[in-house]
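Next come the chains, spelled out residue by residue.
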Amino acid sequence: VAFSVAGLGGYYWLGDKSAGMMNENLPFNVAFQVASGCLVVHMLISYLIKGVVFTKAVMRNTVPDYAHPHDTRKRSFFAHNVVVLATLISAWLLANLVPFFGDAVDLLGASMTPLSCWLIPIMIFVRWHVDSGEERENKVSVIEWVVIALEVLLALVLMVFGTYSALVNITEHWHTYGPPFDCHCEGIWNTCQCSTNHIGMDMCQLIQGES
């Protein structure tokens, strides 16, 4: 519900002028700080949960003898910390190797979200439906199959055109990206050197025009 309200409300007010993440379309003020704080809390909670699931899966496939959550042995504790630390370092390294975070999020979202959230679950359901045959209790009506087909079509359209749009955007802005591990302050600090084109920083464009 919160995502729907934020998305619909943001696009209602901004329309096609929206760029990047929704909070990046706010000027540097209290609302921007509150939105950024909420985003930090959301990321800490959601990615902590995802990190637990990921590290447990890694441990079960690499060191299954020490993967039980109630194992109090020192080797289990050590193995858990090694996996967590390796995951943390890998995430930090990948995040700093990619110099276009916002555009990378758009690319991953357009290419992977329709696939993982719509297409793969539908494929699993269809496979189960075919394999179960007459043993299944509930029948799928024609209307439901039409809705499923429309969902598949929508997912394919979003994945193809969304990925294409994200790749075009990355190509067009490639010359503006710095090298890996470079300091990227765009949209973070309210200075003309970092956020000239940010909403509410019109004075920077005036200063550049005068110079």
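The structure we're discussing is the one just above.
A brief report on the enclosed structure follows. Small disclaimer: the values here were computed from a predicted structure and weren't measured.

1. A closer look at the overall build of the protein chain
A tally of regular secondary structure across the protein chain gives six helices and zero strands. A compact globule built from 211 residues should have a C-alpha radius of gyration of about 17 Å, whereas the protein chain, at 23 Å, is more than 25% larger. Reported as C-alpha extents along the three principal axes, the dimensions of the protein chain are approximately 75 × 55 × 30 Å. Of the roughly 16,200 Å² that the protein chain leaves accessible, carbon and sulfur atoms contribute 69%. Placing the 10 positive and 17 negative side-chain charges of the protein chain at their respective mean positions leaves the two points 18 Å apart.

2. Some details on the packing of helix α2 (residues 30-62) against helix α3 (residues 74-97)
Where α2 meets α3, the closest approach of the two axes is 10 Å, and the angle between their N-to-C directions is 120 degrees. If you check the angle between α2 and α3, you find them oblique. In terms of crossing hand, the pair formed by α2 and α3 is right-handed. The residues of α3 that touch α2, namely those facing Phe54, Thr55, Val58 and Met59, are Ser76, Ala79, His80, Val83, Val84 and Thr87. Broken down by class, the residue content of the contact of α2 with α3 amounts to six nonpolar, four polar and no charged.

3. Some remarks on the pattern of salt bridges
With the rule as written, the count across this model stands at two salt bridges. Between Asp131 and Arg127 there is a salt bridge; the shortest N-O distance is 2.7 Å. A residue pair is termed a helical-turn pair when its members lie 3 or 4 positions apart in one helix, as Asp131 and Arg127 do in helix α4 (residues 101-132) at four residues. Taking the relative accessible area as the measure of exposure, Arg127 reaches 54% and is therefore exposed.

4. Some remarks on the packing of aromatic side chains
Tallied over the entire structure, the rule returns four aromatic pairs. Seen from their ring centres, Phe100 and Trp174 are 5.8 Å apart, and the 55 degrees between their planes marks the pair as tilted. Within this pair, whereas Phe100 is found in the loop between α3 and α4, its partner Trp174 is found in the loop between α5 (142-172) and α6 (202-210), the two being separated by 74 residues in sequence. With a relative accessible area of 14%, Phe100 lands in the buried category. Of the residues examined, Trp174 reaches a relative accessible area of 54% and is grouped as exposed.

5. Concerning the environment of Gly51
Looking at the secondary structure, you find Gly51 in helix α2. In this structure Gly51 comes out as partly exposed when scored by relative accessible area, which is 24%. In this structure the C-alpha to C-alpha distance between Gly51 and Thr87, which are 36 residues apart in sequence, comes to 8.3 Å.

6. Here's the deal with the environment of Val83
As for its placement among the helices and strands, Val83 is situated in helix α3. Linking Val83 and Lys56, residues 27 residues apart in sequence, is a C-alpha distance of 8.9 Å. The contact partners of Val83, leaving out residues within four places of it in the chain, are Thr55, Val58 and Met59.

7. Considering the packing of α4 against α5
Axis separation between α4 and α5 bottoms out at 8 Å; the angle between their running directions is 160 degrees. Considering their axes alone, α4 and α5 lie roughly antiparallel with respect to each other. Along this stretch, α4 crosses α5, giving a crossing that reads as left-handed. Its residues placed into classes, the contact of α4 with α5 shows 20 nonpolar, five polar and three charged.

8. Concerning α2
Over its 33 residues, α2 extends 47 Å from the first C-alpha to the last, a length consistent with the 48 Å expected when each residue adds 1.5 Å. Its buried side turned inward, α2 meets α3. N-capping of α2 is provided by Asn29, with a side-chain oxygen placed 3.1 Å from the backbone N of Ala31.

9. Re the side chain of Asp71
Among the secondary structure elements, Asp71 is positioned in the loop between α2 and α3. Look past the residues within four positions of Asp71 in its chain and what remains in contact with it is Asp65, Tyr66 and Ser76.

10. Topic: α3
One full turn of an α-helix is made of 3.6 residues, so residues set three or four places apart face in the same direction. Here α3 is 24 residues long and its end C-alpha atoms lie 34 Å apart, about the 34 Å a rise of 1.5 Å per residue gives. Those residues of α3 that are buried are in contact with α2.

Reading the values: the criteria
- Residues numbered from 1 in each chain as written.
- Predicted model: local features only at pLDDT ≥ 70, side-chain atom pairs only at ≥ 80, totals over all residues.
- Heavy atoms only, no water.
- Helix = DSSP H or I, 4+ residues; strand = E, 2+ residues; numbered from the N terminus.
- Rg over C-alpha atoms; globule rule 2.2 N^0.38 Å.
- Areas by Shrake-Rupley, 256 points an atom, 1.4 Å probe, with all protein chains shown as cover.
- Lys, Arg positive; Asp, Glu negative; His and termini not counted.
- Charge placed at Lys NZ, Arg CZ, Asp CG, Glu CD.
- Axes fitted to C-alpha atoms, helices over the stretch in contact; angles between N-to-C directions.
- Parallel < 35°, antiparallel > 145°, perpendicular 65-115°, else oblique.
- Left-handed = near helix turned anticlockwise from the far one by under 90°.
- Contact = heavy atoms within 4.5 Å.
- Nonpolar A, V, L, I, M, F, W, Y, C, P; charged D, E, K, R; others polar.
- Salt bridge = Lys/Arg side-chain N within 4 Å of Asp/Glu carboxyl O.
- Buried < 20%, exposed > 50% of the residue type's maximum accessible area, 1.4 Å probe, protein only.
- Phe/Tyr/Trp six-rings, centres within 6.5 Å; stacked < 30°, edge-to-face > 60°.
- Expected span 1.5 Å × (residues − 1).
- Polar contact = N/O pair within 3.5 Å; in protein donor to acceptor, adjacent residues only side chain to side chain.

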